[in-house]
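Report on the structure
Residue strings, one per chain:
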Amino acid sequence: MKKDSPIRLIDAQTVSHLRSQSIYHALAYAMKPGAPDTVVLSRPGSRYACVGFHQDAARELDLDFCRAQHIPVIRRETGGGTVLIDPNQLFVQWIFQPEHLPRKIDTRFQLFVKPLIETYQFFGIKAYAFPPNDVHVNGKKIVGTGAAAIGNAEVVTGNFMLDFDVATMADILRVPNEAFRDLFRQSLDSYLTSMKKELGIVPDLEELKRVYCEKCRTAIGRTLEPGAFTQEELDWMESLDAKFSSEEWLLEIRKPPAPERLVKVHAGVWIGDVSYMAGEKEIKATIRTRDNRIDRIALADSALVDPPAKARGMENALHNVEMEEEDLREVLEAFFELHSASTPGISPDDWIGMILKMQRAKLQIIGQ
Amino acid sequence: MAHDKINECVILKNLYYSVPDNTWVRVNDDGTVTIGMTDVAQSLAGPILHAKAKGVGVAREKGKPIATVESGKWVGPVKSPVTGEIVEVNEEVAKDARMLNKSPYNKGWILKMKPTNLQTDLADLLTGDAAVEAYRAKITQDGVTCTHIEGSDEY
């Protein structure tokens, strides 16, 4: 198979929730040297939750709620975080010979998101790449992507977000308290978007696929020729459907409880529930950060502020402050002085310590 | 330690390499081998967040996955450069996967195996100057420049 050979295009249409995951895994496992590169388009027939390969499903999701609501949970073999997937998403999956994709992951994502962005733009949505691997519209995420080496293939996945069910996504997540869930729900609404949200309507699906394939052909510089699954690929799908349905596979990863609960809304926006021991007093807050600044902070106990009525003012003072010790200290000391407020037994250093715990936990998760 | 640097990528000359799979093998005095991923591999993956190795006692053929690593953007297998049985897994890497980025040839080793056919497997791997030259060609062809996060081993 040469690098300029046609790409097999498989429009799998609407498939079961299991197949929406097993198809691209199967094609990768079945790939032999010389086999064609493939682009798959598919849409799940029903909603489900999906966790990344290294995630502890029980720690990420309220599995009891999922069961009660008949929302299946699948653990995929690609990385990344927890997502809710439903028929309002059109999947785009590339399963390529490794030498047919850029070796550098960043360059690979640039290539992968190009036709997605151009398709969104065709429909009037001002989408742009948000490195390393997302697509945004006016600061809101509209595409999440992932990549993996599976079998002998390299896989890249993404989607067209036709519409998004914010309420269910917020409901399925395991959270420390309901205030955290409310903030998460509100954040999804503020920082994720969809074609319906941007355009007021969902474009015709066939037209969307036609435009994407055309943009794909231009971006990759190769033709796309409709094809079908091989028997070996179908056999792999059967076996992967069974694996992805099993509790053993789903719950294989177990991790100890984390001291802080942090959730990524998108690459620039995080929500965390943090606590800190100020001497013998425990101080707690729910914090949302955006691009390394405090976007919102809610103290768990306003009674720690004297007078308590000033607690909201303290939260407001911290809004938009950079997550840096100096900046936080300056704002806190100025607030206490200007507003004749105090937090008896809790020093500015304690508050700073609590806020920076969130920062450290975030850096730990993203590997920095 | 004798080494070469190509586009900032460190290649230690005393190790055996599977260049296509970006793994290395160190032959130990007790008959076991230590296996890890190369500087090139850690650079291509980016900051590694998770690493999960197969367990002790698991037998693996050469070329089959012995571990999976995940960076923020990519998940992939580490393929065994030899056939044998896993006898030890580096728990430090399981606790802190960034060890793979910081110290790919030392503290970031992934596991040890008792090989069943070592001399045959070693014959398929490259070492010394041959490994350096093979990496020079690969690194140039793929346009790779290695990156090292804070706290990485110095060479």
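Residue positions are given per chain, counting from 1 as you read along its sequence in written order. Key to labels: chains lettered from A, ligands numbered from 1, both in the order written. The predicted origin of the model limits local features to residues at a pLDDT of at least 70 and limits the giving and counting of side-chain atom pairs to 80 or more, whereas totals for whole chains, interfaces and linings rest on all residues.

Looking only at helices and strands, one finds 5 helices and 12 strands in chain B. A globule of 155 residues ought to have a C-alpha radius of gyration of about 15 Å, and chain B, at 14 Å, matches this closely. C-alpha extents for chain B along the principal axes are approximately 35 × 35 × 25 Å. Burial in this document is a count-based property: other C-beta atoms within 10 Å of a residue's C-beta are tallied, and the residue is buried at 20 or more, exposed at 12 or fewer, or partly exposed in between, with C-beta positions derived from the backbone. Looking at the 155 residues of chain B, the share that counts as buried comes to 45%. Once C-beta atoms are placed from the backbone, any two residues with those atoms within 7 Å are in contact. Contacts spanning at least 24 positions in sequence make up 65% of the contacts within chain B whose residues lie at least 6 apart. Here a helix means four or more residues in a row that DSSP labels H or I, a strand means two or more in a row labelled E, and each is numbered from the N terminus. With the radius of gyration taken over C-alpha atoms, the globule rule is written as 2.2 Å times the number of residues to the power 0.38.

Glancing now at the sheet that holds strand E14 (residues 269–278) of chain A. All names here are of chain A. Strand order in the open sheet formed by 4 strands is E13-E14-E15-E16, with antiparallel pairing between adjacent strands. The open sheet has two edge strands, strand E13 (261–266) and strand E16 (293–299), and neither has a second partner. Across the sheet, the mean angle separating the axes of adjacent strands is 25° when strand polarity is ignored. DSSP bridges decide pairing: two strands pair if at least two such bridges lie between them. Relative to E16, strand E15 (residues 281–290) runs antiparallel, the two sharing 6 bridges. In the strand pairing of E16, Ile287 is matched with Ile297. In the packing of helix H13 (residues 348–366) onto the sheet, contacts are made with E13, E14 and E15, and the angle to E14 comes to roughly 135°. All axes are obtained by fitting lines to C-alpha atoms, using only the stretch in contact for helices, and the reported angles, taken between N-to-C directions, cover 0 to 180 degrees.

Helix-helix packing is described using two parameters, namely the angle between the two axes and the distance between the axes. All names here are of chain A. Axis separation between helix H1 (residues 17–30) and helix H9 (residues 231–245) bottoms out at 8 Å; the angle between their running directions is 130°. When the axis of H1 is compared with that of H9, the two are oblique. For the element pair H1 and H9, the recorded crossing hand is right-handed. On the side of H1, the interface is formed by Leu18, Arg19, Gln21, Ser22, Ile23, His25, Ala26, Leu27, Tyr29 and Ala30, while H9 contributes Glu232, Glu233, Trp236, Met237, Leu240, Asp241, Phe244 and Ser245. Residues are sorted three ways: Asp, Glu, Lys and Arg are charged, Ala, Val, Leu, Ile, Met, Phe, Trp, Tyr, Cys and Pro are nonpolar, and all the rest, Gly among them, are polar. Grouping the amino acids of the contact of H1 with H9 by side-chain chemistry returns 10 nonpolar, 4 polar and 4 charged. The scheme is simple: roughly parallel for angles under 35 degrees, roughly antiparallel for over 145, roughly perpendicular for 65 to 115, oblique for anything else. By convention the crossing between two helices is left-handed if the near helix lies anticlockwise of the far one by an angle smaller than a right angle, and right-handed if it lies clockwise.

Our focus in this paragraph is the interface of chain B and chain A. Many authors give the size of an interface as the accessible area that is lost as the parts come together. At the junction of the two partners, chain B supplies 20 residues and chain A supplies 17 residues. For the side of chain B that touches chain A, a count of residues per class yields 8 nonpolar, 7 polar and 5 charged. Examined bridge by bridge, strand E10 (residues 146–150) of chain A and strand E9 (residues 74–79) of chain B share 2 bridges and lie parallel to one another. Within E9(B), the residue paired with Ala147(A) across the bridge is Trp74(B).

Further remarks concern the packing of helix H12 (residues 325–338) of chain A against H13(A). Residues and elements named next belong to chain A. Put simply, H12 and H13 touch, their axes get as near as 10 Å, and they point 135° apart. The angle between H12 and H13 places the two elements in the oblique class. For the crossing formed where H12 meets H13, the hand is right-handed. Residues Glu325, Leu328, Arg329, Leu332 and Glu333 of H12 touch H13, and the partners they reach there are Pro348, Trp351, Ile352, Ile355 and Leu356.

Another point: the domain arrangement of chain A. Residues and elements named next belong to chain A. For chain A, the assigned domains read domain 1 (7–250) and domain 2 (261–366). Where a domain begins and ends is set by an automatic assignment or by a domain database. Distance from the C-alpha centre of domain 1 to the C-alpha centre of domain 2: 35 Å. Across the boundary between the two partners, domain 1 contributes 15 residues, which contact 12 residues of domain 2. In terms of residue count, helix H6 (residues 178–191) provides more of the side of domain 1 that touches domain 2 than any other element does, 7 residues in total. Of the residues in the side of domain 1 that touches domain 2, the class split is 11 nonpolar, 2 polar and 2 charged.

Detailed reading of the predicted model is not advised wherever pLDDT is low. Every residue is assigned a pLDDT by the predictor, reflecting its confidence on a scale from 0 to 100. Across chain B, the average pLDDT comes to 95, with 100% of residues at 70 or higher. Here the predicted complex scores 0.90 on pTM and 0.84 on ipTM.

What follows concerns the sheet that holds strand E3 (residues 16–18) of chain B. All names here are of chain B. One open sheet holds the 7 strands; their spatial order is E7-E10-E11-E5-E4-E3-E12, and the pairing between them is antiparallel. Since the sheet does not close on itself, it has two edges, and those belong to strand E7 (59–60) and strand E12 (126–127), each with one partner. Examined bridge by bridge, strand E5 (residues 33–37) and strand E11 (residues 111–115) share 3 bridges and lie antiparallel to one another. Following the sheet pairing, Val33 is matched in E11 by Met113.

Residues and elements named next belong to chain B. Here E9 lies mainly inside the structure; 5 of its 6 residues are buried. In this sheet, E9 lies alongside strand E8 (residues 65–71) in antiparallel orientation, the contact comprising 5 bridges. When the bridges of E9 are listed, Glu70 appears paired with Val75. Between E8 and the antiparallel strand that follows it, E9, lie 2 residues.

Residues and elements named next belong to chain A. The buried fraction of strand E6 (residues 89–96) amounts to 7 of the 8 residues, a majority that puts the element mostly inside the structure. In terms of strand pairing, strand E2 (residues 38–44) meets E6 through 5 bridges, oriented antiparallel. Within E6, the residue paired with Thr38 across the bridge is Ile95. Relative to strand E11 (residues 153–161), E6 runs antiparallel, the two being bridged by 8 bridges. Looking at the pairing, Leu90 lines up with Phe160 of E11.

Keep in mind that most residues, glycine aside, have a negative phi and that most peptide bonds are trans. Cis geometry marks the peptide bond from Pro131(A) to Pro132(A); its omega dihedral reads 5°. By the secondary structure assignment, Pro132(A) is in the loop between strand E7 (127–130) and strand E8 (134–137). Cis rather than trans, the peptide bond between Asp306(A) and Pro307(A) has omega equal to -5°. By secondary structure assignment, the location of Pro307(A) is in the loop between E16 and helix H11 (311–318). Despite not being glycine, Ser340(A) has its phi angle at roughly 45°, a positive value. Position of Ser340(A) relative to the elements: it lies in the loop between H12 and H13. Despite not being glycine, Asn7(B) shows a phi value in the positive range, around 50°. Its place among the elements puts Asn7(B) in the loop between strand E1 (3–6) and strand E2 (9–12). C-beta crowding within 10 Å serves as the criterion here: with 15 such atoms nearby, Asn7(B) is assigned to the partly exposed category.

With that settled, the discussion passes to H9(A). Residue and element names in this part refer to chain A. In this analysis, the expected span of each helix is defined as 1.5 Å times one less than the number of residues it contains. With 15 residues, H9 extends 21 Å between its outermost C-alpha atoms, agreeing within 8% with the 21 Å of an ideal straight helix rising 1.5 Å per residue. Residues of H9 that are buried: Glu233, Trp236, Met237, Leu240 and Phe244. Buried residues in H9, looked at end-on, bunch into an arc of 105°, giving them a common side. Turned more than 90 degrees away from the buried face of H9, the exposed residues are Gln231, Glu238 and Ala242. Elements in contact with the buried residues of H9: H1, strand E4 (73–75) and helix H10 (247–250). The directions considered for the arc run from the helix axis to the C-beta atoms.

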